[in-house]
Every structure is written in structure tokens, then in C-alpha cells.
Amino acid sequence: MHIAEGFLPPEHAIAWGVASAPFVVHGVRALTREVKEHPESTLLLGASGAFTFVLSALKLPSVTGSCSHPTGTGLGAILFRPPVMAVLGTITLLFQALLLAHGGLTTLGANVFSMAVVGPWAGYAVFRLLRRCGAALMAAVFSAAFVADLSTYCVTSVQLALAFPDPGSGFLGALGTFGSVFALTQIPLAVSEGLLTVLVMRLLVRSSKGELTRLGVFLTRRANGAGTAAGAVAR
């Protein structure tokens, strides 16, 4: 998904940077507030960032000028909400561009928008929807990681199709081409990422149940409709 340095036209690179900036600024405020109010969450924040960094560094060749890889953003979105992941994802992408030549500085805005903005929001929305509908925790975690991964690549396909429309069929033709090529590698990767995220969440449930409860990961049932919490339930 990391679009390579210099691959996008300058006007596209600037536009995606402008679109990403408000989410990152908001995320910085949310992250600062989280660390200030709950310094004990620093270790879990670091682990979420490291999870994203390691998974998104495992790249496979795909569309010219881009690649396929897990994203790792679903876990952090579940734990700390999408605004915080906008910051952690941006830091991840910046370090990968500088240290691993994975992505680039001119395409940072586009990569941030797809992986650090849309992916976390899509995954978090699916997680909350499934939990409110009564889905088991691990089923919701798997679905969130799966959707966060695939939605990132859907946005990347749109970004590339806008920049390089097909000469004959235009934007839609290019979108179908980019999306179908990504799908060959990305669907299996999304399934694998979902399973790995479930394993990590199981470990966190065993080792950090109190912190997960504070973060609202577990369902909270209300007793007799009185509006008082009866307890967090991990199902």
C-alpha cells in the first residue's frame, strides 16, 4: 500500500497531505490527553505502535509504485480509538520512509490517509457495530483487523486510479485494475492479520484486563435498565 516516493503527481500528493493533516492534528491532541490523564497506558501505546510498524514493514510486491502488506492498525484503533492511530500510523509511515525506503515523504499524506485514517476508522466502526449487535469479542476483533486492512487498500486503489486513469475506461477502469491486482495478495494477508490480531488480543485479555476495561474494549451491561453498569463482559 505504501505508494513510492515521487510516484504521485505533485498536485495529488499535496491534496492528500492536506486531507490527512486535520486527522493527524486531532490525533495529536487525543494522544497527548491520553498520556497526560493515563500515563500507565504508555506501554500499551508503544506496543500498538510497534505492532503497526512491524506488520506494515512486511511488504510483498504488488502494483507498480506500491506493495502489499498487513497494516496492523486495527488493534490500536480498538484499544485507543482512530484519532490516536492517526498519529501512531503517521509516525510509523514517516520512519519507514526515512529508514526503510518504504513509501516516501512526497507520498506521506496519501499513505497516511489510507492506512492511518481510513483503515482505523473503518475497522473501529465494524468493531463497535458488531459488539453492539452482540458479536463475541474475538469475532469483532478479527473483523475489525480484516476490514481495517482491506479498506486501506481500497483507498490506495482509488488514489492510484485518480492519479493514473485508464486511457480507455478512465477512472473506473483503472480502479478495477488496481483493486483486482491488490486483491490477489491482500485478501489472504487481511485474513492472516485478523487471526494474528485475535491472538494478540487474547494475550492482552489475560495480562491487561483492567486496562482493557478502562479503554472500553469489553461490553458493558446495564442492570435492569437503570443505567448503572453491571460490569465489563469479555465474550
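Preceding this section is the structure that the text describes.
Computed from a predicted structure; not experimentally measured.

## Here we look at the nonpolar core
- One finds L79, F127, L137, M201, L212 and V217 to be the most contacted residues of the largest nonpolar core, which totals 30 residues.
- Where this core is concerned, the elements lending two or more residues are α1 (10-37), α2 (42-56), α3 (73-80), α4 (82-99), α5 (108-132), α6 (137-163) and α7 (170-207).
- Contact partners of V217, with chain neighbours within four places excluded, come to I78, L79, F127, R128, R131, L137, M201 and L212.
- Residues W16, Y153, A161 and A174 belong to the second largest nonpolar core, which totals 13 residues.

## As for the environment of F7
- Among the structural elements, F7 can be located in the segment before α1.
- Each C-alpha atom, one on F7 and one on S66, is 8.8 Å from the other, the two residues being 59 residues apart in sequence.

## Thoughts on the packing of aromatic side chains
- A complete count under the given rule lists five aromatic pairs for this structure.
- Residues F7 and F164 carry aromatic rings whose centres are separated by 5.0 Å and whose planes lie at 55° to one another, so their mutual orientation is tilted. In this pair, F7 is assigned in the segment before α1 and F164 in the loop between α6 and α7, connecting sequence segments 157 residues apart.
- A relative accessible area of 26% means that F7 is categorised as partly exposed.
- Aromatic rings pair up to connect W16, F23 and F113 into one cluster.

## Observations regarding the packing of α1 against α4
- The interhelical angle for the contact between α1 and α4, taken along N-to-C directions, is 105°, at an axis separation of 7 Å. Comparing their axes, α4 and α1 come out roughly perpendicular. Across from F23, V24, H26, G27, V28, A30 and L31 in α1, the residues of α4 making contact are P83, V84, A86, V87 and T90.
- For the contact of α1 with α4, the residue count by class is nine nonpolar, three polar and no charged.

## Points about the side chain of E34
- Secondary-structure assignment places E34 in helix α1.
- The exposure class assigned to E34 is buried, which follows from its relative accessible area of 14%.
- At 3.1 Å, the side chain of E34 forms a polar contact with the side chain of S41.
- Apart from residues lying up to four places away in sequence, E34 is in contact with P39, S41, L45, F80, R214 and L215.

## Observations concerning unusual backbone geometry
- Here the phi dihedral of R81 falls at roughly 80°; this positive angle occurs in a residue that is not glycine.
- Looking at where R81 falls in the secondary structure, it is placed in the loop between α3 and α4.
- A residue is classified by how much of its surface remains accessible, and R81, at 27% relative accessible area, is partly exposed.
- The phi angle at A101 is positive, at roughly 55°, despite the residue not being glycine.
- Within the element layout of this structure, A101 appears in the loop between α4 and α5.
- Residue A101 is classed as exposed on the basis of its relative accessible area, which comes to 60%.

## Notes on the side chain of T92
- By secondary structure assignment, the location of T92 is in helix α4.
- If sequence neighbours within four positions are ignored, T92 has contacts with G49, T52, F53, S56 and M115.

## What about the pattern of salt bridges?
- Applying the stated criterion to the full structure yields three salt bridges.
- R214 is the salt-bridge partner of E34, the closest N and O atoms lying 2.9 Å from each other. Of this pair, E34 sits in helix α1 while R214 sits in helix α8 (residues 209-214), placing them 180 residues apart in sequence.
- Ionic pairing is found between R214 and E40, a salt bridge with its closest N-O pair at 3.9 Å. Of this pair, R214 sits in helix α8 while E40 is found in the loop between α1 and α2, placing the two residues 174 residues apart along the sequence.
- The exposure class assigned to E40 is partly exposed, which follows from its relative accessible area of 47%.
- Connected via shared salt-bridge partners are E34, E40, E211 and R214.

## Notes on a nonpolar patch on the surface
- Among the surface-exposed residues, I91, L94, F95, L98, L99, L100 and L105 lie close enough to one another that they form a single nonpolar patch of about 670 Å² accessible area.
- Position of L105 relative to the elements: it lies in the loop between α4 and α5.

So, how was this worked out
- Residues numbered from 1 in each chain as written.
- Predicted model: local features only at pLDDT ≥ 70, side-chain atom pairs only at ≥ 80, totals over all residues.
- Heavy atoms only, no water.
- Core = buried A, V, L, I, M, F, W, Y, C linked by side-chain atoms within 4.5 Å.
- Buried < 20%, exposed > 50% of the residue type's maximum accessible area, 1.4 Å probe, protein only.
- Helix = DSSP H or I, 4+ residues; strand = E, 2+ residues; numbered from the N terminus.
- Contact = heavy atoms within 4.5 Å.
- Phe/Tyr/Trp six-rings, centres within 6.5 Å; stacked < 30°, edge-to-face > 60°.
- Axes fitted to C-alpha atoms, helices over the stretch in contact; angles between N-to-C directions.
- Parallel < 35°, antiparallel > 145°, perpendicular 65-115°, else oblique.
- Nonpolar A, V, L, I, M, F, W, Y, C, P; charged D, E, K, R; others polar.
- Polar contact = N/O pair within 3.5 Å; in protein donor to acceptor, adjacent residues only side chain to side chain.
- Salt bridge = Lys/Arg side-chain N within 4 Å of Asp/Glu carboxyl O.
- Patch = residues over 30% accessible without salt bridge, like charges linked within 9 Å, V, L, I, M, F, W, Y side chains within 5 Å.
- Areas by Shrake-Rupley, 256 points an atom, 1.4 Å probe, with all protein chains shown as cover.

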